[in-house]
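Chain residues, written in single-letter form:
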Amino acid sequence: MLATFVIGLREGLEAVLVVSIVAAFLKRNGISRRPMWLGVFAAVLICIGVGVGLQAFEQALPQAQQEGLEAIIGVVAVVFVTAMIAWMGKNARGLKREIEAEATAALGRGTAWALAGMAFLAIIKEGFETAVFLLATLQASTSVLAAGIGALLGIAVACLVGYGLYTGGVKLNLGRFFRISSIFLIFVAAGLVLTALRRAHEAGWITIGQQHTVDLSWLAPIGSIRSALITGVLGIPSDPRVIEVLGWFAYLVPMLLIAFWPQRWRPSATALPTVKFSIAGALALAAAVLALAIPAGTAALPTTAGLTPAGTVEISSAENPTLRVTGGAASTPITFRDGTPTERDGARVTEWTQKGDAADTDRPATLTLDHLTELFGRVPIGIDALQNPGPFDATWTATAVTSVWTAHDGLVDAKSVEHETLTLTGGGLATSRTLTLDTTTWSVPQTTATERADAVAAGDALARELTLWRVWLPLALGLAAVLLALSAWRDTRALRRAAAQASNPSAATAPESDRRSTSYAVH
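Small disclaimer: the values here were computed from a predicted structure and weren't measured. (Residues numbered from 1 in each chain as written. Predicted model: local features only at pLDDT ≥ 70, side-chain atom pairs only at ≥ 80, totals over all residues. Heavy atoms only, no water.)

Draft legend 1. Inspection of the overall build of the protein at higher detail. Counting its secondary structure elements, the protein contains twelve helices and ten strands. The burial tally for the protein puts 41% of its 523 residues in the buried class. Nonlocal contacts in the protein, meaning residues at least 24 apart in sequence, comprise 73% of its contacts between residues at least 6 apart. Total accessible area on the protein is roughly 28000 Å²; 63% of this is exposed by carbon and sulfur atoms. (Helix = DSSP H or I, 4+ residues; strand = E, 2+ residues; numbered from the N terminus. Buried < 20%, exposed > 50% of the residue type's maximum accessible area, 1.4 Å probe, protein only. Contact = heavy atoms within 4.5 Å. Areas by Shrake-Rupley, 256 points an atom, 1.4 Å probe, with all protein chains shown as cover.)

Draft legend 2. Local environment of the packing of helix α10 (residues 272-293) against helix α12 (residues 446-503). Interhelical geometry of α10 versus α12 gives an angle of 165 degrees and a closest axis separation of 8 Å. The angle between α10 and α12 falls in the class roughly antiparallel. By crossing handedness, the relation of α10 to α12 is classed as left-handed. Residues that form the contact of α10 with α12 fall into these classes: 22 nonpolar, three polar and three charged. (Axes fitted to C-alpha atoms, helices over the stretch in contact; angles between N-to-C directions. Parallel < 35°, antiparallel > 145°, perpendicular 65-115°, else oblique. Left-handed = near helix turned anticlockwise from the far one by under 90°. Nonpolar A, V, L, I, M, F, W, Y, C, P; charged D, E, K, R; others polar.)

Draft legend 3. Expanded view of the sheet that holds strand β4 (residues 334-335). Pairing is antiparallel in the open sheet, where four strands are placed in the order β1-β2-β3-β4. Among the strands making up the open sheet, the edge pair consists of β1 (304-306) and β4. The sheet contact formed by strand β2 (residues 312-316) and strand β3 (residues 322-326) spans five bridges and is antiparallel. Across the sheet, the residue bridging to Ile 315 is Leu 323, located in β3. (Pairing = 2+ DSSP bridges.)

Draft legend 4. Inspection of the environment of Asp 491 at higher detail. The topology assignment puts Asp 491 in helix α12. Contact partners of Asp 491, with chain neighbours within four places excluded, come to Leu 272, Pro 273 and Lys 276.

Draft legend 5. Looking closely at the nonpolar core. Counting 42 residues, the largest nonpolar core has Val 81, Ile 85, Leu 185, Ile 186 and Tyr 251 as its most contacted members. When residues of this core are traced back to their parent elements, those giving at least two are α1 (2-28), α3 (63-91), α5 (112-140), α7 (174-202) and α9 (242-260). Looking at this core element by element, the count peaks at eleven residues for α7. (Core = buried A, V, L, I, M, F, W, Y, C linked by side-chain atoms within 4.5 Å.)

Draft legend 6. Focus on the environment of Thr 340. With respect to the helices, strands and loops of the structure, Thr 340 is situated in strand β5 (residues 340-344). Once the C-alpha coordinates of Thr 340 and Trp 405 are considered, the two residues, 65 residues apart in sequence, prove to be 9.5 Å apart. With sequence-adjacent residues up to four places away left out, Thr 340 is seen in contact with Val 349, Thr 350 and Glu 351.

Draft legend 7. Structural context of the pattern of salt bridges. Applying the stated criterion across every chain, the model contains eight salt bridges. Glu 67 is paired through a salt bridge with Arg 199; the nearest N and O atoms lie 3.6 Å apart. A residue pair is termed long-range when its members are at least 10 positions apart, and Glu 67 in helix α3 and Arg 199 in helix α7 qualify at 132 residues. Judged by relative accessible area, Arg 199 falls into the buried class, the value being 16%. Note that Arg 198 is salt-bridged to Glu 244, the shortest N-O span being 2.5 Å. Of this pair, Arg 198 sits in helix α7 while Glu 244 sits in helix α9, and the two are 46 residues apart along the sequence. Glu 244 matches Arg 198 in its accessibility class, with the two residues each being buried. Ionic contacts of the salt-bridge type, sharing partners, join the residues Glu 67, Glu 70, Arg 199 and Glu 202 into one network. (Salt bridge = Lys/Arg side-chain N within 4 Å of Asp/Glu carboxyl O.)

Draft legend 8. Fine view of the side chain of Ser 403. With respect to the helices and strands, the residue Ser 403 is situated in strand β8 (residues 392-407). Here Ser 403 falls in the buried class, since its relative accessible area comes to 8%. With near-sequence residues (within four places) excluded, Ser 403 lies in contact with Trp 352, Thr 353, Asp 413, Ala 414 and Lys 415.

Draft legend 9. Molecular detail of the confidence of the model for the protein. For the protein, the average pLDDT comes to 79, and 82% of its residues sit at 70 or higher. Below a pLDDT of 50 lies the segment residues 508-523, which in the model reaches 32 contacts outside its immediate sequence neighbourhood of four places, other chains included. (pLDDT = per-residue confidence, 0-100.)

Draft legend 10. Spotlight on the packing of aromatic side chains. The tally for this structure, following the rule as stated, stands at three aromatic pairs. Judged by centre distance (6.0 Å) and plane angle (65 degrees), the rings of Trp 261 and Trp 265 are edge-to-face. The exposure class assigned to Trp 261 is partly exposed, which follows from its relative accessible area of 37%. With a relative accessible area of 52%, Trp 265 lands in the exposed category. The ring of Trp 405 has Arg 344 sitting right over it, with the charged end atom 4.1 Å from the ring centre. (Phe/Tyr/Trp six-rings, centres within 6.5 Å; stacked < 30°, edge-to-face > 60°. Lys NZ or Arg CZ within 6 Å of the ring centre and 35° of its normal.)

Draft legend 11. Here's a closer look at a nonpolar patch on the surface. The grouping of Phe 277, Leu 479, Val 482, Leu 483, Leu 486 and Trp 489 at the surface amounts to a nonpolar patch, some 610 Å² of accessible area in total. Looking at the nonpolar patch element by element, the count peaks at five residues for α12. With respect to the secondary-structure elements, Val 482 resides in helix α12. (Patch = residues over 30% accessible without salt bridge, like charges linked within 9 Å, V, L, I, M, F, W, Y side chains within 5 Å.)

Draft legend 12. Main features of the pairing of β8. Pairing of strand β6 (residues 347-357) with β8, which is carried by eight bridges, proceeds in the antiparallel orientation. Among the inter-strand pairings, Thr 350 is bridged to a residue of β8, identified as Thr 406. Pairing between strand β7 (residues 366-367) and β8: two bridges, direction antiparallel. The residue bridging Thr 366 from the neighbouring strand is Asp 393, located in β8. As judged from the 15 bridges shared by β8 and strand β9 (residues 410-425), these two strands associate in the antiparallel manner. Each bridged residue has a counterpart across the sheet, and for Trp 405 the counterpart in β9 is Asp 413. Remark: two residues form the turn of the hairpin made by β8 and β9, two consecutive strands paired antiparallel; His 408 in that turn has positive phi of roughly 50 degrees.

Structure follows, in structure tokens:
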């Protein structure tokens, strides 16, 4: 409730300030304020429609897509509030003077309808930001009702303050107000970063960095005031994950430093590019160190293994592995092609299979019921001991199937199975009977295969987590370094232009302002 109250108050006050200043300007100049109010009401209805439409659209989506949309809304809200904090911190002191100047210019272009358009655009801009920011905050809150009431109260207080400014009964230090509220909003926005990362994981977009870091359930018991403050207002859950903590600090620390670094410690305009280049270099160095120093994390498997009943198996050339068996089950080397990715005991492996003729076996040409029972463990289905007493004529065909499972250039499991087809005739059978018999010639012991599969699964899980530190974090640091270096390069060019203009005033041209426009006027 507190978070949405401050958001409603802060965002509402930005819009109300424009409206109150324009209304006071019209009143002083004896101009009708009806067109302005029409513009205000139209903009309010549109913003409410946008908020309701976004919520209805989200509810119509499947659960995973709802989580994805909430993540997107959270990111957009963070962008909005960041831009708002940065811009208002620079322009709060001169806001009234600037709006009145633009109102004068708008009035000079025609009727009061130009000022109505100015108020309309002001409400639309702030209303869109408020709708997205509040929607993201409501989604992260523990009580939607309380959060909604807080937002309405904040907007109501903003309207009262705006009315007081309009009548002259309220004096407000805008610079101080926006500075103090910015501290709170930075923490709320950092919580939205954390919530957006959680929603992105629930949508299946982010699967790395999900290890639990700390248990905060003792700090914010469910239903307590502390939980309402820490979880409901600041958006910090009781079980933050690694990537969420990184995102929270990555947003919070730079924003606090940028917004509230003491003025006396800020570098001069001439030293600012050097400072930015230095920070960019440090970020690039940190990115390179992480990318090179963090290991891949995958398990290193041996290429050999003992066999049951006897012998040793070895593979080589992981792309098209060649298998060699030595010892008791020695055979001709087999080269595999066209492996198939699969999963074995929870590990991602590649399965290779090769079929071939089985070695000659001395199988009897005649079988009795006792022989069949010995081979299959029971009398095969389809043969009746009374009607088909035997003996039977037996015809044998055999195929050897060798299978190997590999991962990360190592051997996980291997076995060779002799697949025999037995055709029985005679012995009282009216028609022939076909039976199959599979016999394992050799195999890697099950315990060895399970241990290696577990090692592969654990190594792959570690590798996925290390990807956060080895790939994504260096990329983020590298991107920040590039943006900071571009900003420093722009500042350097601006200083050079200023120096050139100072040395040749007659050729000077007005520099482009890098300041965000406050113009809401309609041309």
